[in-house]
Amino acid sequence: QVQLVESGGGLVQPGGSLRLSCAAFGSIFSFNDMGWYRQAPGKQRELVAGITRGGSTNYADSVKGRFTISRDNAKTTVYLQMNSLKPEDTAVYYCNTVPVRWRTRTWGQGTQVTVSS
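This is a predicted model, so every value here is computed, not measured.

## Remarks on the state of the cysteines
Here comes step 1: Going through the model one piece at a time under the given rule, you end up with one disulfide.
Here comes step 2: Covalently, C22 is tied to C95 through a disulfide, its sulfur atoms 1.7 Å apart. Highlighted residues: C22 in strand β3 (residues 18-25) and C95 in strand β9 (residues 91-97), separated in sequence by 73 residues. Note on accessibility: C22 and C95 belong to one class, buried.

Structure representation (structure tokens):
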């Protein structure tokens, strides 16, 4: 059984920072590239940051230079450090494999990030 558990979201003012964590349970982490996705109200879910098994990273243009993705293979956890947050970053954030696999087709509950003054 694969389970993805996201945490670390909250309410933050523009310009603030948050660090999200995602614990992956089940034998998927070591064999897959991982990513952080987000879904804002009325919008489709989008991939904002990805990290390969070897640690190479890539980012959506909208978050480049502000977000940093990392992974701890021993802890089967992936992180997203978010700095200089903007109101348009408000969304529910999810982690999953990149691309999404059959075994990870059921998404976790996500973690809400709200950027507002």
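Next comes the rest of the account.
## Quick notes on the nonpolar core
Nonpolar side chains in soluble globular proteins generally cluster together in the buried interior.
Here comes step 1: Membership of the largest hydrophobic core comes to 28 residues, with the highest contact counts inside it found for W36, V78, L80, M82 and Y93.
Here comes step 2: Within the residue set of this core, elements represented by two or more residues are β3, β4 (34-39), β5 (46-51), β7 (67-72), β8 (77-82), β9 and β10 (111-115).

## Section: the sheet that holds β5
Here comes step 1: The strand order across the open sheet formed by six strands is β2-β10-β9-β4-β5-β6, and the pairing between neighbours is mixed. Each having just a single partner strand, β2 (10-12) and β6 (57-59) make up the two edges of the open sheet. When the angles between neighbouring strand axes are averaged without regard to direction, this sheet yields 25°.

## Some words on the sheet that holds strand β1 (residues 3-7)
Here comes step 1: Ordered in space as β1-β3-β8-β7, the four strands form an open sheet in which the pairing is antiparallel. With one partner strand each, in any of the chains shown, β1 and β7 form the two edges of the open sheet. Between one strand axis and the next, the sheet turns through 15° on average, direction left out of account.
Here comes step 2: Strand direction decides the pairing type here: β1 and β3, joined by five bridges, are antiparallel. Residue pairing across strands places S7 opposite S21, the latter belonging to β3.

Cut-offs applied
Residues numbered from 1 in each chain as written. Predicted model: local features only at pLDDT ≥ 70, side-chain atom pairs only at ≥ 80, totals over all residues. Heavy atoms only, no water. Disulfide = S-S within 2.5 Å. Helix = DSSP H or I, 4+ residues; strand = E, 2+ residues; numbered from the N terminus. Buried < 20%, exposed > 50% of the residue type's maximum accessible area, 1.4 Å probe, protein only. Core = buried A, V, L, I, M, F, W, Y, C linked by side-chain atoms within 4.5 Å. Pairing = 2+ DSSP bridges. Axes fitted to C-alpha atoms, helices over the stretch in contact; angles between N-to-C directions.

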